[in-house]
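What follows is the residue order along each chain.
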Amino acid sequence: MFVVTGSTGHVGRLVAGELSSRGLRQRLLVRDPSRAPDIAGAEIALADYGDAEALAGALEPDDRVFMVSLHEGPEQRIAHHRSFIDAAAAARVGHIVYLSFVNAGPDAIFLHARSHGETERMLAESGVPWTSIRNSMYADEIPGWFDADGLNTVPAGDARMSFSYGPELARAIAVTMTQSGHEGRVYDIVTPQAVSMRELAEIAWAVTGQNYRYAPTSDAWWEERWRARGKEAWAIEAGLTSYAALRAGELDVTSGDYRALTGEDPLSVSDIAALVADRLPLHA
Ligand SMILES: NC(=O)c1ccc[n+]([C@@H]2O[C@H](COP(=O)([O-])OP(=O)(O)OC[C@H]3O[C@@H](n4cnc5c(N)ncnc54)[C@H](OP(=O)(O)O)[C@@H]3O)[C@@H](O)[C@H]2O)c1
């Protein structure tokens, strides 16, 4: 059976849709059944990553599982991921496809990329066949890089980054869940080019005809803003290290993996910006 975690969230919902469109039976592991996506024929099982007993009842031998990563600080995220991987190993599932981040590893500058690296290490040691689908920042959220005046103010200098588009992530995940031969492999599912923040503003301008600009602020400016909003310490560290990682080139990743998995080229940043143009802030 195919098993999908996180189906009440962004990527898991798209993965469940991909499997459904292929006519495959699946079990959705959710925390609140009333929010599960409406997928014909899908089984629903109640399971929190922190609830070993519920996970033991929800996972079965030979299941092929999509494991979403949780949006939490490193300590809690690693404990939850450990709990899930232990339960999956005890249940003798057949395969785990994990949603990771580009350049995940112990030396990553980006806080979350370090806990993704730790999770990949746990998977490698678990004895369960596994595959990592690494993403960069979501292309679906390009509108969020601009404020209401069309300004992108992140402290990125001239550094370039690629993005990852949700539907393409879901398609790549579905391919690796449904085919053999992806065990032990790590795939970067990213846009075909990395762009600077200035180029991103030019792209937004080109697809809308509106005046989008890049006017970088400082790390200190962002830190103060996030503190004023009451963000938790780990979330502030994640934000600041994401910009430091961007400046250091950690998000400047391109790859032929999407084409190798699907036979198609991923959409360009411009293509995706055009698709989300109605959510860009200067949209009339
Ligand atoms: N690359 C980017 O730009 C970007 C942006 C945002 C997030 N992310 C990362 O991507 C990963 C998640 O992907 P997403 O975008 O699909 O996230 P999402 O939309 O926030 O969905 C998270 C999913 O995880 C489930 N979940 C949360 N805590 C859980 C727990 N303790 N046990 C079981 N399920 C739990 C949620 O269920 P409920 O509905 O019950 O809460 C939800 O279905 C996170 O690691 C996040 O940090 C990346």
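Residues numbered from 1 in each chain as written. Predicted model: local features only at pLDDT ≥ 70, side-chain atom pairs only at ≥ 80, totals over all residues. Heavy atoms only, no water.

Asks: Looking at this model, I keep getting lost on the environment of Ala-89. Mind explaining?
Replies: For Ala-89, the position within the fold is in helix α3 (residues 74-90). For Ala-89 and Ile-39, which are 50 residues apart along the polypeptide, the C-alpha to C-alpha distance reads 27 Å. Residues contacting Ala-89, with those up to four places away along its chain left out, are Ser-126 and Val-128. (Helix = DSSP H or I, 4+ residues; strand = E, 2+ residues; numbered from the N terminus. Contact = heavy atoms within 4.5 Å.)

Asks: Explanation requested: the site of the ligand in the structure shown.
Replies: Neighbouring the ligand are 22 residues, the closest being Thr-8, Arg-31, Arg-35, Arg-77 and Tyr-138. Take Tyr-49: an N or O atom from its main chain is 2.9 Å from a nitrogen atom of the ligand. At 2.7 Å, a side-chain N or O of Tyr-138 approaches an oxygen atom of the ligand. Expressed as a share of its isolated accessible area of 920 Å², the protein-covered part of the ligand is 79%. Elements that contribute at least two residues to the shell around the ligand include exactly α1 (10-21), α3, β5 (95-101) and β7 (137-138). Among the residues forming the shell around the ligand, the class breakdown is nine nonpolar, nine polar and four charged. (Near = heavy atom within 4 Å. Polar contact = N/O pair within 3.5 Å; in protein donor to acceptor, adjacent residues only side chain to side chain. Areas by Shrake-Rupley, 256 points an atom, 1.4 Å probe, with all protein chains shown as cover. Nonpolar A, V, L, I, M, F, W, Y, C, P; charged D, E, K, R; others polar.)

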